[in-house]
Amino acid sequence: MLSIKNLTVNVNDKQILKGINLEIKPGEIHAIMGPNGSGKSTLSHILSGKAGYTVTGGSVTYQGKDLLEMAPEIRAREGVFLAFQYPVEIPGVSNIYLLKAALNSIRKHHSQPEVDAMDFLTLIKDKVRLLEMDEKFLYRAVNEGFSGGEKKRNEILQMAILEPKLCILDETDSGLDIDALKVVAEGVNSLRAADRSFVMVTHYQRLLDYIKPDFVHVLANGQIVKSGGAELALELEEKGYSWLEDSKAAI
Amino acid sequence: MSASTQEINNLINQEYKQGFVTELETDTFPIGLDEDVIHRLSKVKNEPEFMLEYRLKAFRHWQTMKSPEWAFVKFDPIDYQAISYYSAPKRKEDGPKSLDEIDPQVLEAYKKLGIPLDEQERLAGIAVDAVFDSVSVATTFKGKLKDAGVIFCPISEALREHPELIKQYLGTVVPHTDNYFAALNAAVFTDGSFVYIPKGVRCPMELSTYFRINAANTGQFERTLIIADEGSHVSYLEGCTAPMRDENQLHAAVVELVAMKDATIKYSTVQNWYPGDKNGLGGIYNFVTKRADCRGENSKVSWTQVETGSAITWKYPSCVLTGDNSIGEFYSVALTNNYQQADTGTKMIHIGKNTRSTIISKGISAGHAQNTYRGLVKVLKSASGARNYTQCDSLLVGDQCGAHTFPYIEVKQPSAQVEHEATTSKISEDQLFFCQQRGLSAEDAVSMIVNGFCKEVFKELPMEFAVEAQALLGLSLEGSVG
């Protein structure tokens, strides 16, 4: 699905990612954890194609193609989805309009006809129920006046509609109370599939109580300093990040 | 400059699709303006004597005036002696009686613009008056309108057939002394539309005028007069396009609306004059005076405009709220791109009791354009209980453009309520990236964000126009990203 090899990335001439290696197979869930400033968000931005980053070395191969060569919208149409840490507001554009436009641009890319209006309504109402959202949300402007929790739910709703292959969740748990966290986690779990992979970027272990990862990687100072199974997250919760950073420094 | 700012800037290189020229034999006056030209103009249009006198009076007044300089626009002085004041496709003495007699080239030009003048092809429900350069070439559905008692014809025809109505109303809303361009228009206007809706009649279809400038080195001076008599109702649309030319062309129109007791006029404009090229060369100077008099009690006038064209727009569709309980509305989207300049807004003059006005203005500025909202809300002492709500939003696309707001509020009546809200925002790179991350191209994303911004205005437009306006906005921003 995704193969990152020795990736180095600069922001304003400062090296942020210092040689990342990561292999993600279809169906797997990988959690990327690490302290603030370790490069977690940079990684999710570079995978989704946000401007402002310079790749200085290494490669990212997605489904056999060079991901870094693709424009952000092409990545999206090819199945890369980023659930934003801070979803933006778009005044005057209704949620349902954005979703339909997004879905149709993806379908067009795959030479499929535009979605039928009735089918779309049925699909979207299904997903809205799944995420315990009010249907009124569909007709409100994108994220405008939404609470933090509502915005994050809205991200997962978009993910559920667009059915991507590689889902990147950037600090999706931040700003969520425990009930909202459960709903979001259920939404994500319902999307787990043999041909869909997840990269969950998170600071805290608590999201992993609800979405069980196959692998946990610890990012510190621009490098993956430790990888392991789900149990690594618990260890981190107990010991914090400093022991890893220290051990890395000692090597 | 970051990558996406660059993309936004690129989105601006749009193609103007109505920029073709129609090759025609024309009757065109030599360039220049003096009293002799006005005599000839009045003669060629076969006008009654009072009209010639009105024109001469206006011309003499115009000569004493100076071109206004208060607007936030820059342009070289216009040489009024270098313009031809009359140009018309050659035709028989008394004008075409049916479509068969219209020059097929002219029909073809309108067809290319998507305005077939053949009634069979017209969408049912809209009657069209087509003004080509200085003359009206066709008016459709005249018969059907006549059955309802509605008069919809070129103003030059109205001057001959209904001189009493013209005499009674022309210049009563915008006097010939009003401003520099209105005075010039009164002296040299050539054609435009005339509408009279009799008492109690709800006009059975939308009326529209489609203005086309074709000839080079000519000015277009159109005059529109709409009278809605007591209890009547009319919805009127206008559209405008012109060929691409390197020199600037002047369009100085005057529109007067009169709404009597309980009458409603809805006036919608989609203005897409040639805006000049991406370096600011050429384009139309759109210097227009539009004003409505809500003369009767409970009358209502609603202006909706979508302004995407013209090198310079100078235009303030206004309402004089004379009648008690009368209502004035102004909904505007003004988009400027490349080197376009717009200074546009409205005036709401509250005179009658309990008069109400609403102003919703959306300015979008891209490229190197300057976009100004200028508005006046004036409440006279007589207007007890008057209310105004103004909302004035600006959106910047890219970082080379400007948005300006000059709201003037004068209130002489203590019971009046006047509200003013204003915002300025920028399409953020985060918004753009968010949309792209959902699969939309940068171009579609900008178009979607801009359309969302304009939503409150678009919903005021008649259905078909709303669709056209949205498409036009997309077009006008085409090439500005990606």
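Quick notes on the rules
- Residues numbered from 1 in each chain as written.
- Chains lettered and ligands numbered in written order.
- Predicted model: local features only at pLDDT ≥ 70, side-chain atom pairs only at ≥ 80, totals over all residues.
- Heavy atoms only, no water.
- Helix = DSSP H or I, 4+ residues; strand = E, 2+ residues; numbered from the N terminus.
- Buried < 20%, exposed > 50% of the residue type's maximum accessible area, 1.4 Å probe, protein only.
- Contact = heavy atoms within 4.5 Å.
- Areas by Shrake-Rupley, 256 points an atom, 1.4 Å probe, with all protein chains shown as cover.
- Salt bridge = Lys/Arg side-chain N within 4 Å of Asp/Glu carboxyl O.
- Buried area = accessible area lost by both parts, 1.4 Å probe.
- Polar contact = N/O pair within 3.5 Å; in protein donor to acceptor, adjacent residues only side chain to side chain.
- Lys, Arg positive; Asp, Glu negative; His and termini not counted.
- Expected span 1.5 Å × (residues − 1).
- Core = buried A, V, L, I, M, F, W, Y, C linked by side-chain atoms within 4.5 Å.
- Pairing = 2+ DSSP bridges.
- Axes fitted to C-alpha atoms, helices over the stretch in contact; angles between N-to-C directions.

A.B. asks: Which parts of the structure should I look at to understand the overall build of chain B?
C.D. replies: Within chain B, the regular secondary structure consists of twelve helices and 23 strands. Counting every position in chain B, which comprises 482 residues, the buried fraction comes to 63%. In chain B, the proportion of contacts linking residues at least 24 apart, taken out of those at least 6 apart, comes to 84%. When the accessible surface of chain B is totalled, it reaches about 18000 Å², and 48% of it is carbon and sulfur.

A.B. asks: Could you clarify how one ought to interpret the environment of B:G385 in this entry?
C.D. replies: Residues and elements named next belong to chain B. Looking at where G385 falls in the secondary structure, it is placed in the loop between β20 (370-379) and β21 (387-397). The class for G385 is partly exposed, based on a relative accessible area of 25%. Remark: the alpha-carbon pair of G385 and A186, spanning 199 residues in sequence, is separated by 36 Å. Apart from the residues within four sequence positions on either side, G385 is in contact with N354, T355 and S415.

A.B. asks: Help me understand unusual backbone geometry, please; the structure alone is not making it clear to me.
C.D. replies: Only a minority of non-glycine residues have a phi that is not negative, and only a minority of peptide bonds are not trans. Residues and elements named next belong to chain B. Although it is not a glycine, N338 adopts a positive phi angle of roughly 50 degrees. If you trace the backbone, N338 turns up in the loop between β17 (327-336) and β18 (341-350). By relative accessible area, N338 is classed as buried at 11%. Positioned with a positive phi, N354 is a non-glycine residue whose angle comes to about 50 degrees. Looking at the element boundaries, N354 is found in the loop between β18 and β19 (356-366). On the basis of relative accessible area, N354 is assigned to the partly exposed category, the value being 39%.

A.B. asks: What exactly am I supposed to notice about the pattern of salt bridges here?
C.D. replies: Here the idea is simple: oppositely charged side chains can pair when their charged atoms come close. Residues and elements named next belong to chain B. Overall, the coordinates contain 25 salt bridges over all chains when judged by the stated rule. Here E35 and R60 are joined by a salt bridge, their closest N and O atoms 2.8 Å apart. Highlighted residues: E35 in helix α2 (residues 35-44) and R60 in helix α3 (residues 49-63), separated in sequence by 25 residues. Residue class for E35 comes out partly exposed when judged on its relative accessible area of 28%. Measuring nitrogen to oxygen at the nearest pair gives 2.2 Å for the salt bridge that ties K315 to E307. The exposure class of K315 is buried, given its relative accessible area of 2%. Note on E307: relative accessible area 2%, which makes it buried. One network of salt bridges, with partners in common, ties together K362, D393 and E456.

A.B. asks: Got a minute to help me understand the interface of chain B and chain A in this structure?
C.D. replies: Many analyses report the size of an interface as the accessible area lost when the parts associate. With 19 residues of chain B at the contact, the number on the chain A side is 31 residues. The contact between chain B and chain A buries some 2000 Å² in all, and 66% of this surface belongs to carbon and sulfur atoms. For the chain B face of the interface with chain A, the top three residues by lost area are B:F433, B:F434 and B:R438, together amounting to 37%. Applying the counting rule to chain B against chain A returns two salt bridges. Across the salt bridge formed by A:E155 and B:R438, the nearest N and O atoms sit 2.7 Å from each other. For the interface between chain B and chain A, the tally reads eleven residue pairs in polar contact (both at pLDDT 80 or more). Among the secondary structure elements, those contributing two or more residues to the side of chain B that touches chain A are α1 (3-10), α9 (429-437) and α10 (442-453) of chain B. Looking at which element gives the most residues to the side of chain B that touches chain A, the answer is α9(B), with seven residues.

A.B. asks: I would appreciate a short explanation of the side chain of A:K152 in the present structure.
C.D. replies: Residue and element names in this part refer to chain A. Mapping K152 onto the fold places it in helix α6 (residues 148-162). The buried charged residue K152 lacks any salt bridge partner; its closest oppositely charged side chain belongs to D173, at an N-O distance of 6.5 Å. Look past the residues within four positions of K152 in its chain and what remains in contact with it is F84, Q85, P87, E171, T172, S174 and L176.

A.B. asks: Help me out: how do you make sense of helix α3 (residues 95-109) of chain A in this one?
C.D. replies: Every α-helix winds through 3.6 residues per turn, so residues three or four apart in the chain are directed the same way. Between its first and last C-alpha atoms α3(A) spans 21 Å; for 15 residues at 1.5 Å apiece the expected length is 21 Å, and the two agree. Count one or two residues on from α3(A) and you reach A:S111, which has phi positive near 55 degrees.

A.B. asks: What is the right way to look at the nonpolar core in this model?
C.D. replies: The nonpolar side chains of soluble globular proteins are, as a tendency, buried together. Counting residues in each nonpolar core, the largest one holds 60 residues, and the members touching the most others are A:L2, A:I4, A:L47, A:I90 and B:I364. Considering every element that reaches this core, the biggest residue donor is α10(B), with six residues. Listed in part, the 55 residues of the second largest apolar core include B:M51, B:V188, B:A252 and B:F287.

A.B. asks: Please explain the sheet that holds strand β2 (residues 14-24) of chain A as it appears in this structure.
C.D. replies: Hydrogen bonds along the backbone pair up the strands of a sheet, which may run parallel or antiparallel. Residues and elements named next belong to chain A. Across the sheet, four strands lie side by side as β2-β1-β4-β5; this open sheet has antiparallel pairing. Strand pairing shows two members of the sheet lacking a second neighbour, β2 and β5 (65-66), which therefore form its edges. Relative to β5, strand β4 (residues 54-62) is paired through two bridges, and the arrangement is antiparallel. Bridge pairing links Y62 to K65 in β5. Across the sheet, helix α1 (residues 40-48) touches β1 (2-11), β2 and β4, and the angle it forms with β1 is around 110 degrees.

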